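Chains, contacts and geometry: an overview
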Amino acid sequence: MSHTSMDPTKMGVGRSIAVLTSGGDAQGMNAAVRATVRVGLYTGAKVYFVHEGYQGLVDGGDNIRPATWESVSMMLQLGGTVIGSARCMDFRGREGRTKAALNLVKLGITNLCVIGGDGSLTGANQFRTEWSTLLIDLLKAGKITKEEAKRSSHLNIVGMVGSIDNDFCGTDMTIGTDSALHRIIEVVDAITTTAQSHQRTFILEVMGRHCGYLALVTALSCGADWVFVPEMPPEEGWEEHLCRRLANQRARGCRLNVIIVAEGAMSRDGNAISSEDIKKLVEKSLGFDTRTTVLGHVQRGGTPSAFDRILGSRMGVEAVMALLEATPETPACVVSLSGNQAVRLPLMECVQVCKVRLFSHLANPKSNINVAILNVGAPCAGMNAAVRSAVRIGIIQGHNMLAVHDGFEGLAHGNFITWLFLLPSKYIEEISLTIAKFNIHSLVIIGGFEAYVGGLELVTAREKYEELCIPMVVIPATVSNNVPGSDFSIGADTALNTITSTCDRIKQSAAGTKRRVFIIETMGGYCGYLATMAGLAAGADAAYIYEDKFSIRDLETNVEHLVQKMKTDVKRGLILRNENCNANYTTDFIFALYSEEGKGVFDCRKNILGHMQQGGTPTPFDRNFGTKMGSKAVLWITEKLKEVYRHGRIFANTPDSACLLGMRKRALTFQPLADLKDQTDFEHRIPKTSWWLKLRPIMKILAKYNIPLDTSEHAHMEHVIKKKLSVPEPLMK
């Protein structure tokens, strides 16, 4: 798709956009609605809410109302959809769609943004396809004039996928899926404590009539013993296999068993497998005390996660741009997420393709390979998931998996089976001796910037110590998300959710007092990821970071912006500051400046969140991400060991034998550590470039700053590619 070079603030002048939510609600829909409204207004367009989904479109009247900047305030942290959703039989008939067309034509609306599942988006596409014939019918009936028909001759439609099931092709994550996983994991974590107390078997039934994504990721995230999903009916004789598995776990001293069932699970002959069926089987065959929990609509409720807020906001911006850039020849499209990239895909291509996920259950014979795993640097949520999956996949591959305590120091002293910030340079000789003594064939290093730098030091030392010529892989795990070579680090999502939920509470406290501005300091070292993304997720007015330089004039501009904001109905402010954003403009300085300049208009409060950002239970994203990273790292090592095994020994000294595993845009990729040196600012311990900096203008625009938006970054139309998705051996087995 060609992109306009037009000023983005003029793109929507004379245009009207309507936004509706349809089908089942999903957390994060409100973030998408808010972004659509505010970016639409930013472009100069008129924006309308369509209340109650397609039913509101058919009924018209007060259901279609103008949206204002203030009308979407305080929506971000609310679950569900504040503009309502309804199943609409009327819209399925041509008569209903004709009424809907009349309502849009009378208001001059020719751009429609639909947030919903595949049924809702299919209906939108049909509406667009019939549009010209609907106008002809309305003209013949005398309900619209020729001028009105000419003005509304074409309808543009863009879809955003809101569905907790993650059952839509073309997007890696639908809006609401991550939040639903949060609800499920909260329940699973609570249930496991009571189950352990009584040595019980718990069977949890989660949503997913045709898609087992929620069940599968829940099982991976919580270490379930078994999972049933619609896409993969269990093999014949599964009943005996399941009971044998549960009995073996108990014999090993495990006090609980967890079985996850998708509501649409079925056997190979097409019969449903319900949680009650499994309960009866376990009780009858094993006599275990067994309980079932059907989560139901709990999964749809609650506040959206930081991921869903950011996803909804990014997709809302992309949807408005797609609508305003569309031509009569452009097919109706869906804006979605591929890896970490926003993409546009033809709507009907997505609807017509379904996902299939395959598992392999094969374990390999004993390999006599020794793989050492060590954690380096500060702890973060999700590290345990990476260690657990790496160990289990390694055992399945036939390797001996060695745990190293105390990071690089433990590796130097042979401390196998506390966290330290020591880099290996001090211990290089001891490390090489330990590797030889324990016959270690490869290393998995999990940690933050220290792990990355430590890996580089080991690679450099290969010239002197042949023992270090073994495959190595670094898995980035740090709340700061400051490791070069990866868009995300394990632990950053948990920290981001902690900051976002704290900001929600702080904003809520301001709702009663009015005219209050909160200044919040976040962690991250010199990396502004947490401050920026939390600003986007929590609806901040500004986020000060090291990478985006600012001056006293910028601070003055922000204060004046808040003074003007206090004149509106939204009488509160939220400012985030990264801990190392500026040596002179400290949190105390900014607090004092805002307090003085806002005197008589607003008062200020400050919060330093500190180490609470490093603690807490890992989010589903970090558990799942850690699980993927750990398993992929060990599978890579297995293949690399085959490549470097020569003349009866392992010798790896090429750059690609020591890699960092990272998420880059659309895929998990292995990048030689040596190649990442040029991409690193070692003094400030950050990458030289960061993808998330391109999201900062979105945060400012959503806070009503009139700044330019770089439309060159927006997605081009692509086509759906059917991929064979392979998933590593199941970690439950």
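- Under an unreviewed UniProt entry, the protein has the name 6-phosphofructokinase and belongs to Esox lucius.
- One UniProt comment on the protein, placed under Pathway (unreviewed entry), says "Carbohydrate degradation; glycolysis; D-glyceraldehyde 3-phosphate and glycerone phosphate from D-glucose: step 3/4."
- UniProt, in its Cofactor (unreviewed entry) section for the protein, records the words "Mg(2+)".

1. Overview of the packing of helix 10 (residues 306-325) against helix 17 (residues 529-538)
- Put simply, helix 10 and helix 17 touch, their axes get as near as 8 Å, and they point 75° apart. In terms of orientation, helix 10 lies roughly perpendicular with respect to helix 17. On the side of helix 10, the interface is formed by A306, R309, I310 and S313, while helix 17 contributes M533, L536, A537 and A538.
- When grouped by side-chain class, the residues that make up the contact of helix 10 with helix 17 number six nonpolar, one polar and one charged.

2. Looking at the layout of surface pockets
- Here the second largest pocket is characterised by a volume of approximately 1,000 Å³.
- Surrounding the second largest pocket, 39 residues form its lining, R87, G117, D118, G119 and D167 being those nearest its centre.
- Mapped onto the lining of the second largest pocket, the elements with two or more residues apiece are helix 4 (118-140) and helix 11 (347-352).
- The greatest single-element share of the lining of the second largest pocket, amounting to six residues, is contributed by helix 4.
- Split by residue class, the lining of the second largest pocket holds 14 nonpolar, 14 polar and 11 charged.

3. Side note on the UniProt feature "domain: Phosphofructokinase" (unreviewed entry) in the protein
- Following the UniProt record, the feature "domain: Phosphofructokinase" (unreviewed entry) maps to residues 17-322 and 370-636 here.
- Between the end C-alpha atoms of residues 17-322 the distance is 12 Å, and the span holds 45% helix and 15% strand.

4. Notes on unusual backbone geometry
- Even without being a glycine, E52 presents a positive backbone phi close to 65°.
- Mapped onto the fold, E52 is located in the loop between strand 2 (46-50) and helix 2 (53-59).
- Classification of E52 as partly exposed rests on a relative accessible area of 35%.
- Its identity is not glycine, yet R685 carries a phi of approximately 55°, on the positive side.
- With respect to the element layout, R685 can be found in the loop between strand 25 (680-681) and strand 26 (686-687).

5. A few points about the sheet that holds strand 10 (residues 333-338)
- Sheet architecture is open: seven strands sit in the order 3-2-1-4-5-10-11, paired in mixed fashion. Two strands bound the open sheet, and with one partner strand each, they are strand 3 (64-66) and strand 11 (341-346). Averaged over all neighbouring strand pairs, the angle between strand axes comes to 25°, with direction disregarded.
- Pairing of strand 10 with strand 11, which is carried by six bridges, proceeds in the antiparallel orientation. When the bridges of strand 11 are listed, S338 appears paired with Q341.

6. Looking at helix 7 (residues 213-222)
- Of all 10 residues in helix 7, nine are buried, a share of seventy percent or more.
- Taken as a whole, helix 7 has its buried residues at Y213, L214, A215, L216, V217, T218, A219, L220 and S221.

7. What about the sheet that holds strand 16 (residues 472-476)?
- One open sheet accounts for six strands, arranged 14-13-15-16-23-24; its pairing is mixed. Strands with a single pairing partner mark the edges of an open sheet, and in this sheet they are strand 14 (400-404) and strand 24 (667-672). This sheet shows a mean twist of 25° between the axes of neighbouring strands, independent of strand direction.
- Note that strand 13 (residues 370-376) and strand 14 share five bridges and pair parallel. Residue pairing across strands places I373 opposite A403, the latter belonging to strand 14.
- Lying on the sheet, helix 20 (residues 620-644) is in contact with strand 13, strand 14, strand 15 (442-447), strand 16, strand 23 (658-664) and strand 24; it crosses strand 16 at an angle near 170°.

8. Describing the pairing of strand 15
- Within strand 15, six of the six residues are buried, which leaves it mostly tucked inside the rest of the structure.
- A two-sided burial pattern is seen for strand 15, the buried positions comprising S442, V444 and I446 on one face and L443, I445 and G447 on the other.
- Taken together, the five bridges between strand 15 and strand 16 define a ladder with parallel strand orientation. Residue I445 lies in a different strand from strand 16, and its bridge partner there is V474.

9. Some remarks on the pattern of salt bridges
- What the rule picks out here adds up to 28 salt bridges.
- The partner of K106 in a salt bridge is E148, with the nearest N and O atoms 3.2 Å apart. Of the two residues, K106 is situated in helix 3 (residues 94-107) and E148 in helix 5 (residues 146-151); the sequence distance between them amounts to 42 residues.
- Across the pair R685 and E450 runs a salt bridge, and its minimum N-O distance is 2.8 Å. Of this pair, R685 sits in the loop between strand 25 and strand 26 while E450 sits in helix 15 (residues 449-460), and the two are 235 residues apart along the sequence.

10. Some remarks on the packing of helix 1 (residues 29-42) against helix 10
- At their nearest, the axes of helix 1 and helix 10 sit 7 Å apart, and the two run at 35° to each other. Considering only the axes of helix 1 and helix 10, their crossing is right-handed. Contacts between helix 1 and helix 10 involve A31, A32, A35, T36, V39 and G40 from the former and D308, R309, G312, S313, G316, V317, V320 and M321 from the latter.
- The residue makeup of the contact of helix 1 with helix 10, split by class, is seven nonpolar, five polar and two charged.

11. A few points about the nonpolar core
- Among the nonpolar cores identified, the biggest contains 133 residues, and M160, I260 and Y529 are the most heavily contacted of them.
- The biggest single contributor to this core is helix 10, with 12 residues.
- Those residues within four positions of I260 in sequence are excluded, and the remaining contacts are L204, V206, A215, T218, A219, C222, A224, W226, V227 and F228.
- Formed by 36 residues, the second largest nonpolar core is a distinct cluster that contains C88, A100, F127 and V334.

12. Concerning the packing of aromatic side chains
- In the structure shown here, the tally under the stated rule is 19 aromatic pairs.
- Taken together, a centroid distance of 5.6 Å and an interplanar angle of 35° make the contact between F307 and F621 tilted. Neither F307 nor F621 differs from the other in exposure class; each is buried.
- Summarising the aromatic geometry, the rings of Y452 and F682 are spaced 6.2 Å apart at their centres and angled 10° between planes, so their arrangement reads as stacked. Residue Y452 is located in helix 15, and its partner F682 is located in the loop between strand 25 and strand 26; the two are separated by 230 residues in the primary sequence.
- Here Y452 falls in the buried class, since its relative accessible area comes to 0%.
- When the ring centre of F288 is taken as reference, the NZ or CZ atom of R250 above it lies at 4.3 Å.

Parameters at a glance
Residues numbered from 1 in each chain as written. Predicted model: local features only at pLDDT ≥ 70, side-chain atom pairs only at ≥ 80, totals over all residues. Heavy atoms only, no water. UniProt positions renumbered as here; feature names shortened; annotations may be inferred. Axes fitted to C-alpha atoms, helices over the stretch in contact; angles between N-to-C directions. Helix = DSSP H or I, 4+ residues; strand = E, 2+ residues; numbered from the N terminus. Parallel < 35°, antiparallel > 145°, perpendicular 65-115°, else oblique. Contact = heavy atoms within 4.5 Å. Nonpolar A, V, L, I, M, F, W, Y, C, P; charged D, E, K, R; others polar. 1 Å grid on protein atoms, 1.4 Å probe; cavity = no way out; pocket = protein on both sides within 12 Å on 5 of 7 lines; lining within 4 Å. Points joined across faces, edges and corners; volume = space filled by probe spheres on them. Buried < 20%, exposed > 50% of the residue type's maximum accessible area, 1.4 Å probe, protein only. Pairing = 2+ DSSP bridges. Salt bridge = Lys/Arg side-chain N within 4 Å of Asp/Glu carboxyl O. Left-handed = near helix turned anticlockwise from the far one by under 90°. Core = buried A, V, L, I, M, F, W, Y, C linked by side-chain atoms within 4.5 Å. Phe/Tyr/Trp six-rings, centres within 6.5 Å; stacked < 30°, edge-to-face > 60°. Lys NZ or Arg CZ within 6 Å of the ring centre and 35° of its normal.

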